[in-house]
Amino acid sequence: MELLLISTLKVILVFAIVLGALSPLAGWAERRQSAMIQDRVGPNRASIGGFRAWGLFHPIADVIKLMTKEDFVPATRNRYLHTAAPMIAFWSAVVTFAVIPFGPWLQIANLDIGVLFIFGIASLGVYGATIAGWASNNKYSLLGALRASAMMLSYEVTLGLTVVGVLICFSTVGAQELVVAQAGPIWNWGIFKQPVAFVLFFVAAMAATKRAPFDLPEGESEIVAGYFLEYSGMKFVMFYMGEYIEMFLWSALATVLFFGGWQIPWVPFEGQTWYEFAGVAKFLAVLVAIAFLQMTVRWTLPRFRYDQVMDLGWKMLLPASIGNVVVTAVVIIATPAGGVLQRVALLVGNAVVVLVALAVAAAMKGENKIGVTTEALRTQRSEEAVH
Amino acid sequence: MAKLTINGKDVEAAAGTNLVEAAKQVGVEIPVFCYHPKLSIAAQCRMCLVEVEKMPKLVPACQTPVAEGMVVKTDSERVKTAQAGVMEFLLLNHPVDCPICDQAGECALQDYYMVYDLTGSRSTVGKVHKPKVQDIGGGVVLDSERCVMCSRCVRYFDEITGDAQMGFFNRGDRVEVSIFPDSPLHGEYCGNVVDLCPVGALTWKDFRFKCRVWFLEKAASVCPGCARGCNVTVEHNEGKVFRLKPRDNEAVNQCWMCDEGRASYKFVNEGRLLDPVVREEKKGVTTETLSSQRSEERKAYVKKEEAKAGSREPHTRKAVVVTWERALAVAAEQLVKVVATKGGAAIGVVLSPQATLEDNRAVVRFAADHLGVTAFYMGGRLDGEGDAFLRLADKNPNRAGVLAALEMGAVARGLAARTADDVVADVESGKLSALIVMGNNLPVSPDARARLVSAAARLDAVIVMASNRSELVDAATVALPSATFAEKEGTFVNAMGMHQKLRRGIALVGRALPETQIVQKLAAKMGFDFRPAREASAASPATAAPGAH
Amino acid sequence: MIRVREKYGDRMTALESSYLTETLKGLSITLRHFLENTLTRKNTVTLNYPEEKKPYPERFRGLHRLMKRDDGQVRCVACMCCATVCPAHCIKIEAGEHDDHRIEKFPIEFSIDWLRCVYCGLCVDACPCDAIRMDTGEHPKPQIDRNGFLTTKIDLMKLGGPSVAVQGGVRPDNGEG
Amino acid sequence: MATPETARDPLDVDDLPMEPMVLKMGPSHPTMHGVIELTLRLDGETVRAADVEIGYLHRGFEKMGEVSTWNQVFAYADRLNYNSPMLNELGYAMAVEKLMGVDVPERAQFLRVIASEISRICDHLTCVGAGAMELGAFTAFLYAVKAREFLYELLEKISGHRLTVNYMRVGGVWLDMPDGWDGAVRQALTDAAGVMREFHKLVTRHRIFFDRMEGVGIISQEDALAWGFTGPCLRSTGIDYDIRKAHPYSCYDRFDFDIPVGDKGDNYDRYLIRLEEIEQSRRIIEQAFDRMPGGPVVSSDPRVALPEKGPVYNTIESMMNHFKLVYDGIRVPPGAVYSFSEAANGELGFYIVADGTGKPYRVRVRGPVFAIMQALPQMLIGGMIADIVPTFDGINMIAGELDR
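What counts and what doesn't
Residues numbered from 1 in each chain as written. Chains lettered and ligands numbered in written order. Predicted model: local features only at pLDDT ≥ 70, side-chain atom pairs only at ≥ 80, totals over all residues. Heavy atoms only, no water. Helix = DSSP H or I, 4+ residues; strand = E, 2+ residues; numbered from the N terminus. Buried < 20%, exposed > 50% of the residue type's maximum accessible area, 1.4 Å probe, protein only. Contact = heavy atoms within 4.5 Å. Pairing = 2+ DSSP bridges. Buried area = accessible area lost by both parts, 1.4 Å probe. Salt bridge = Lys/Arg side-chain N within 4 Å of Asp/Glu carboxyl O. Nonpolar A, V, L, I, M, F, W, Y, C, P; charged D, E, K, R; others polar. Axes fitted to C-alpha atoms, helices over the stretch in contact; angles between N-to-C directions. Parallel < 35°, antiparallel > 145°, perpendicular 65-115°, else oblique. Disulfide = S-S within 2.5 Å. Phe/Tyr/Trp six-rings, centres within 6.5 Å; stacked < 30°, edge-to-face > 60°. Lys NZ or Arg CZ within 6 Å of the ring centre and 35° of its normal.

Asker: Would you explain the overall build of chain B in this entry?
Answerer: Per the secondary structure count, chain B includes 16 helices and 23 strands. For chain B, the residues scored as buried account for 58% of the 549 residues in total. Taking all contacts inside chain B whose residues are at least 6 apart in sequence as the whole, residues at least 24 apart take part in 68%.

Asker: How do you make sense of the sheet that holds strand E3 (residues 91–97) of chain C when you look at a structure like this?
Answerer: The strands making up a sheet are joined through hydrogen bonds of the backbone, oriented either antiparallel or parallel. With antiparallel pairing, the 3 strands of this open sheet are ordered in space as E3-E4-E6 (chain C). Pairing within the sheet leaves two strands with one partner each, and these edge strands are E3 and strand E6 (150–151) of chain C.

Asker: What should I look at first to understand the interface of chain D and chain C in this one?
Answerer: Accessible area lost when the parts come together is the quantity often used to give the size of an interface. Contact residues are listed per partner, giving 62 residues for chain D and 54 residues for chain C. Approximately 5000 Å² of surface area, both sides summed, lies buried where chain D meets chain C, with 54% of it carried by carbon and sulfur atoms. At the junction of chain D with chain C, the criterion picks out 8 salt bridges. The closest approach of N and O atoms between Glu 198 of chain D and Arg 32 of chain C, which form a salt bridge, is 2.5 Å. Taken together, the elements giving at least two residues each to the side of chain D that touches chain C come down to helix H3 (73–77), helix H6 (138–159), helix H7 (181–204), helix H8 (207–213), strand E6 (260–261), helix H12 (267–290), helix H13 (309–314) and helix H14 (316–328) of chain D. Residue contributions to the side of chain D that touches chain C peak at 8 residues, all from H6 of chain D. When grouped by side-chain class, the residues that make up the side of chain D that touches chain C number 26 nonpolar, 15 polar and 21 charged. Examined bridge by bridge, strand E1 (residues 2–3) of chain C and E6 of chain D share 2 bridges and lie parallel to one another. Note on E6 of chain D: the bridge partner recorded for Arg 3 of chain C is Val 261 of chain D.

Asker: Can you walk me through the packing of helix H3 (residues 79–95) of chain A against helix H4 (residues 114–122) of chain A in this structure?
Answerer: When two helices pack together, their arrangement is given by the angle between the helix axes and the distance between those axes. All names here are of chain A. At a minimum axis separation of 8 Å, H3 and H4 run at an interaxial angle of 175°. Looking at the two axes, H3 sits roughly antiparallel to H4. Here Trp 91, Ser 92 and Val 95 of H3 come into contact with H4, specifically with Phe 117, Ile 121 and Ala 122. Taken together, the residues of the contact of H3 with H4 break down into 5 nonpolar, 1 polar and no charged.

Asker: Sorry if this is basic, but what is going on with the state of the cysteines here?
Answerer: Such a bond, covalent and formed between the sulfur atoms of two cysteines, is termed a disulfide. Under the counting rule described, the total for this entry stands at 0 disulfides over all chains. A disulfide-free cysteine, Cys 107 of chain B has its sulfur positioned 6.1 Å from the sulfur of Cys 101 of chain B, the nearest such atom. Classification of Cys 107 of chain B as buried rests on a relative accessible area of 6%. Among the cysteines around Cys 117 of chain C, which has no disulfide bond, Cys 90 of chain C carries the closest sulfur, lying 4.3 Å off. Judged by its relative accessible area of 10%, Cys 117 of chain C falls in the buried class.

Asker: Help me understand the pairing of strand E8 (residues 166–169) of chain B in this model?
Answerer: Two faces belong to every sheet, and in a regular strand the side chains alternate between them. Residue and element names in this part refer to chain B. The pairing of E8 with strand E9 (residues 176–179) spans 4 bridges and is antiparallel. Looking across to E9, one finds that Phe 169 is bridged to Glu 176. Linking two consecutive strands that pair antiparallel, namely E8 and E9, is a turn of 6 residues; a positive phi of about 65° is found at Asn 170 within it.

Asker: Would you mind going over the environment of Ala 108 of chain D with me for this structure?
Answerer: Positionally, Ala 108 of chain D belongs in helix H5 (residues 106–134). Excluding residues within four positions of it along the chain, Ala 108 of chain D makes contact with Gly 172, Val 173, Pro 296 and Val 297 of chain D.

Asker: Hey, could you run me through the packing of aromatic side chains in this one?
Answerer: Aromatic rings in a pair are described by how distant their centres are and how their planes are angled relative to each other. Summed over the entire model, instances satisfying the criterion amount to 50 aromatic pairs over all chains. Ring plane angle 75° and centroid distance 6.1 Å describe the contact between Trp 214 of chain B and Phe 323 of chain D, whose orientation is recorded as edge-to-face. With Trp 214 of chain B in the loop between strand E10 (202–204) and strand E11 (217–222) and Phe 323 of chain D in helix H14, this residue pair bridges two chains. Looking at Phe 323 of chain D, the relative accessible area reads 0%, which means it is buried. With centroids separated by 5.6 Å and ring planes inclined at 70°, the aromatic side chains of Tyr 92 of chain D and Phe 350 of chain D adopt a geometry described as edge-to-face. Note that Tyr 92 of chain D is positioned in helix H4 (residues 85–100) and Phe 350 of chain D in strand E8 (residues 346–354), a separation of 258 residues in sequence. Tyr 92 of chain D sits in the buried class, given a relative accessible area of 0%. Of the aromatic side chains, those joined through ring pairs into one cluster are Phe 119, Trp 189, Phe 198, Phe 201, Phe 202, Trp 250, Phe 258 and Phe 259 of chain A. The positively charged end of Arg 243 of chain B is found above the aromatic ring belonging to Phe 207 of chain B, 4.4 Å away from the centroid. One cation-aromatic arrangement involves Lys 245 of chain D over Phe 257 of chain D; the distance from NZ or CZ to the ring centre is 4.4 Å.

Asker: I keep staring at the pattern of salt bridges and nothing clicks. Help me out?
Answerer: If you walk through the whole model with that rule in mind, you get 89 salt bridges over all chains. Between Lys 324 of chain D and Asp 328 of chain D there is a salt bridge whose closest N-O contact spans 3.1 Å. Placement of the pair is Lys 324 of chain D and Asp 328 of chain D together in helix H14, with a separation of 4 residues, close to one helical turn. We classify Lys 324 of chain D as buried; its relative accessible area is 7%. Three or more residues are tied together by salt bridges with common partners; here these are Asp 97, Lys 132, Asp 143, Glu 145, Arg 146 and Arg 208 of chain B together with Glu 97 and Glu 104 of chain C.

Here it is in C-alpha cells:
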C-alpha cells in the first residue's frame, strides 16, 4: 500500500516535471531561443493582465488553442490507425521516463535492465511515425514515414552500440547503478571514459528524435511536414510533445550515461536530504543544457538528405561506434580496472577511433553518387514520360 | 485639275481647292483654327501659314487655291517658326484653364502645342482677363478668355443659320467674341458652334463637366430624334451615354445637327425599364420596392420572393419584377390562350418606328407567321416641329423601316400599318383582346392614351416591349425591357429612304434585350421554330449613304 | 572573370568533411548571437510593432490627402488627371459646377479606393493643381469590410492641409494675375 | 532501359508488384516560390521523371501593357520579378527609350545603375537565403533577409517604397537621390556584407550544405546554351556571358567589375556565383558613387517627361504639355524594338511595338526564368525529392516574371 502510494507520487512528480514543465517550456524556449539567435524579438504577445513575462504564457495559449482546435482529418485515412499513431509515438516517449533516475530515489522503477528498457520502448516510437504516415493516405506523409522508419532504425543501431561502450566501462545496465558507478571525482563520469561515444550518442540521439539536421522525415521544404502532415489539434500535439519528450529522454539518458546522473562530483551521497534535491537539480540542469545544445544545433545546421543521412549512419557513425566498442572492450580487459592506466588507455583508444574515422571521412569526401545516377538516368530521359 | 507638290509629294487637285484640303489628300496635316470647310475663308488665325516657292512671304494655306506647278512646304524651318510664333501669340493671354476646361482632350491648342510648339512661356507680364462662364443662351457657355478669335462661330451664324447672333467686340488684346446685347443665342442649331469652337471658349451646358472627353468611347450611329436620321457618334463611358455629336455625311446632315437631336440620348440613361415585369395575382416583389441596379442580387431576391409567393394565397394584381424566364412564360401563356380561343385576328401588334428595321421585321414575322396576326399599327412618337434645314416633323427615325418591315414580313398578305388612333378604337370596340406593343408609348393624344390604358385592363394580354417606364408599361400584363438605339446594332431607314447602320455603343442596360431576341425567346417559349432572318438584312436595299457604315 | 570554385574552394578538406569543425564554427556564431541578444538585444532588428514604429522615409507614398485653398475649400478642380493616370483605376471623381465662377469646377465627390490603390504615386505627379498628395506617411489601416477602404472627399480633406503652391498664371516677378 | 531497372532492385524480388509513384508537387506547396506545379515520377526517393506546369500566377502583364500608357506600365513592370523591381524597370525604360531615341541624362543613368545593383543584391540575397532555408538552415535565411532589409530601406528612401518602387520613368528617374543617401548606401552595404560574412561562415563550407548543393541539379554547358539559359544559371556552367559586359548598356561600360563563373553547372556553383555577384555589385555601386555626375535626372524632352510643377501651375504652355502627357501618354513613334538587359536571373528582354499612340501596341517580355524553367525536369531527373526545392531555388524562379 505504502509502496503503491509512493510509486504514484513518484509517477506524478516525474510526469509533472516532464509533461507539465519541461515540454511546454521547451516549446517556449525553442521559439525564444531561435528568436535570439536570429536577431528577432520572439514571442512576447500572450499576456495575463498586461504582464507578458517574456512570452512565457505562450505555451499556455498554445495548449488552449491546440486543445480547442478542430481535429481535421482526411476523409480517406485509416480511421483506427490514424488515431492510434500519435498515441504510440507519445506513449513510447513518455513511458521510458519510468526508469530515468532523476534523483537517488526519484525513479519510478529501478529495473535491472534499465537502459535496455529505454531502448526497447523508445524504438517503438518508429511505429508511431510509420503508422501515421501510412494511415494518413497521403503521399507526402508516406514518404515522411518511410524516411522516419529508415532513419530511426539505422540510428537505433549506433545509439545502442555507443551505449555498449559505456555499459562495458561500468559493467551494468541498470540506470540507477550506472549513476552510482559514476560517483566520486569528475573523471569518473562516462564522458571522460567515452568521449567519442558521447559525441556519437549525441548525434544519433538527435537523429532518433528526428530533430534538425536530421529532420528529413518532416522536411518541410520538400515533403511539407512528413508523417504528421495530416494531423491537427490534439493529435498533432501528441507528435509535437512526443518529439520534445524524446529529446529530453535522450538528454536524460546522456546525463545518466555520461554526466554522472544526479551525482555531484567529489561530493559523496550519504543519504542527506539536501543532496537529494541538489542532485535532482543538477540532473535537470545537465539535462536542460544538453537539450539546449540540441536546439542550438537545430538553428545552426542545414538538413541532411536521405542518402547522406544513411551514409552518415552506416558508413561513419556505425563503424566508429563499433570501433569504439571493440577498443573499449580491449582496454577494459587488458588494463586493471579503475586505474589511471585504464583511464588513459580509454582516452587513447578514443583518439584512435577519432583519427580512423577522420581518415575514412577524408577518403569518402567528394564522392557523389547522385551525379552518377543522373548520368545513367539521363540516357533514358527521352523515353520516359511522367504519366 | 492642277498638279502640285506638297512636301515633295505629288498632288492632283481640282482647281479652286485650297491648300489645306489638297494637303489632306496626301496625309499632310496643316494646322488650322479659323478654317472650316463649311464656312467662308477668313484666314485670320495665321496658323496655316505655309511656304510656297516663288512667293516671297508665307501664305495662309486656307486661302490659297492650288495652282499648276505649285511647290508647297509645310515643314520648313520658316513654317515651323511661324507656327510656333502663332501659337505663342495665341497662348499669350490664354488662361491656365486646362484643369477646368471641358475642351481639354479635344482642344486644338493642346494638340497643336505638342506638334507645332513645345516651347516654354517667355512672357513675364500678366494675362489680360476677360469675362468667364457666361451663359449666352441656347445651352452654350462662353469663356472669353479662352477664345482664339477664329470667328468660326460668328461665321456659322452668319452663313449657315443665316441669323447673325455673334460678333467681335472691342479691339486689340481686349477683343472679345460675344452675343449682341440682350440677345441670347436662340434657334435650334446653337450646339453646332460648340463643335465648331476649336478651343474651350464655347462649351455645351448639357455636357459641361459630366465626363472628360478622353474617357469617351465613340460608336458610329444614327440620331433617333427625327426621320432625318442625322449621322452621329454616340459618345459613352461606363454604360452611360454622355452626348451625341454629328458625324460627317454630305447626303444627310453634312456636319451639323440640331439641338433637339443632341438631347435625344437622354432616355438611354434615365427612367429605364430594367427588368421584366409581370402583372400577376400574386404577392411578390413590386416594381416599387425594387430599385436596386445590381442584377445578381436582384435575381436572387426575385427568385426568393417568387418561391414565397408560390406558397401563398393569391393576392391583388400587382406589377411584379420577375426573371426573363418567368415573364416569357407568362406572356406565352397569355398569347397561346388568346390565339386558341379567339384566333390571331384578336391580337393587335403595334410596331415601333423607334426600333430598328430588324426588330420590326422580327416582330412582324413572328406575329404574322406564327400567331396569325393581321392588325398592325404604327407606334412611335407624335409629330413635332420641323424646319427647312435638318429637322423633320416626323420624330421617328425609322417610319420607313417599319413599312419596309411590314412589306418584307408579310408582303403576300397585304398587310398595312394602321394608325395608332386605330388601336385605341379597336381596343375600345372590343375588336382586339390582346396587344403586343413595341415602344414606350403610342403616338396619340394624352386623352386617347388614358382611354387606352383604362381599356387595356379588360384585355387578356398587353405585352409591351419598352425601353423606358411609361403609363402604357404600367398598364401592361407583361412588360419586357428592350434595348435602346445606343445598345444594339441595326438599321434605320430615314425619310429619304436611306438605310443607315447603327453601331452598338454601351452594353445592355439592366436586363434589357433587343426586340429581336425577345421575340425569338418568346417564340421558343411558345414552341415555334422561329429564327429572325439574319440574311434579310444583307438583302435589304443597299441605299446606305456614304458615311453610314 | 572570376572562377568561383577557385575563390571559394572546390573540395572539402578532411576536417571540414568531418562535420565537426564547421558545426562548431556555426555554433559559435549562433551562440554568440544568442548571448548578445539575450543580454543586450544588440543585434535585434525586429520591432515590437504597434508600440515601436519605424518612421517611413520622407518620400514614402502613403495615404492620399486632398489639399485645401486658403478659405478651406478643396483645391481640386476635378480635372480627372489623377483618375486618368491611375493604373489601378482607384480614383472616382464626380465633377460639378461651382457657384463661384472663379473656381468654376470642383469635385462633388472624390473617392479613392485604398484597397485598389497600388501607391505608385502617378496621381501626385499628374496633379496640375497641387490638390492630391501622398505625403501623410501613413499606410491604410485594416478594415473589416471593403467599403472601409473607400475613402470619400471629406475624409481625404481631413488629412489635407492648406496648399501654398502659387497657381493659375500668377507670375512671381510681377505678382499680377 | 532494362539494365538499370534490375540493377537498382535490391530485393531481387521479381514478382513483388512495384510501380513508380506519381507525386504532384504544388501548385500550393509551401516552399514553391510562387505557384507552380511539378508532377514527379518517383522511384523511392529518386526522381525518375518530372514535368513542370506553369501559369498559375499569370496576371496578364502583357495584356495590361496594351491598355496602359507607357509610364503606367512601370507599375506593372515592378511586379514582374518582385525581388528586383528596379531591374525590371530599367529593362522596360531602356526599351521605350531605344524606340523613341530619347537621351537619358548622365546622372539618371548612374542613379539607375545604383538602384538596379541594389535590387540585384536584394534578389541574390533572397535567392541564397531562401536556398539555405530550403535546406533547413532557417537562421542563415533570416540573416540574409536581415542583410536584404538594410538595402530595402535604401530603396524605400530613394523611391518611397520597398518593393513597388515605381522609381523610373521614360527618360530618367522620378527624383534625384535624397541628401545623404550615398553615405547610407555605403554604410548599408558594409553592414550587409558583415551579415553575409556570418551567413557565409554558417553554410558555405559546411559539409551538409556542400553535399546538398554539390553535383545537384547539374546542367551541361551545351544543354544550358540549347535551352536558352542566361544569367547565373548559364554562368554556373562556365560561360562568362553577362549582358552588362557583352553588350554594355546604360553606363555599365564605365565600371570595373568581374563576372563570376562556375565549372560544373550545379547548385553549388550557382550559389557561389550569386554570393560573388553580390560583391561585384557592391563594387559597381561604390564606383558609381565615386564618379556620379551632376545634372538633371530626367530628360528635358517635353514629349517624354512631365514638365516641372512650377511652370505647370502657372503657364499654359507647360499646363498643356502636362495634360497631353497625362491623358494621351507619351507618344512613341510607330515601330518595334527588342531591348535586353541583365536582370538578376538572366536576360530580361522587352520586345515592344508602338503604333504611335500613347499606349503600347504590344509589350512582350522575355523573362529569364521562363527559358530556364524548361530545363528544370532535366536538372531534377536522377536527383532526389529533397533536391527538387534547392535546384528550383538555384534557378531562382520568380513566378511573377515566369507567368507574367
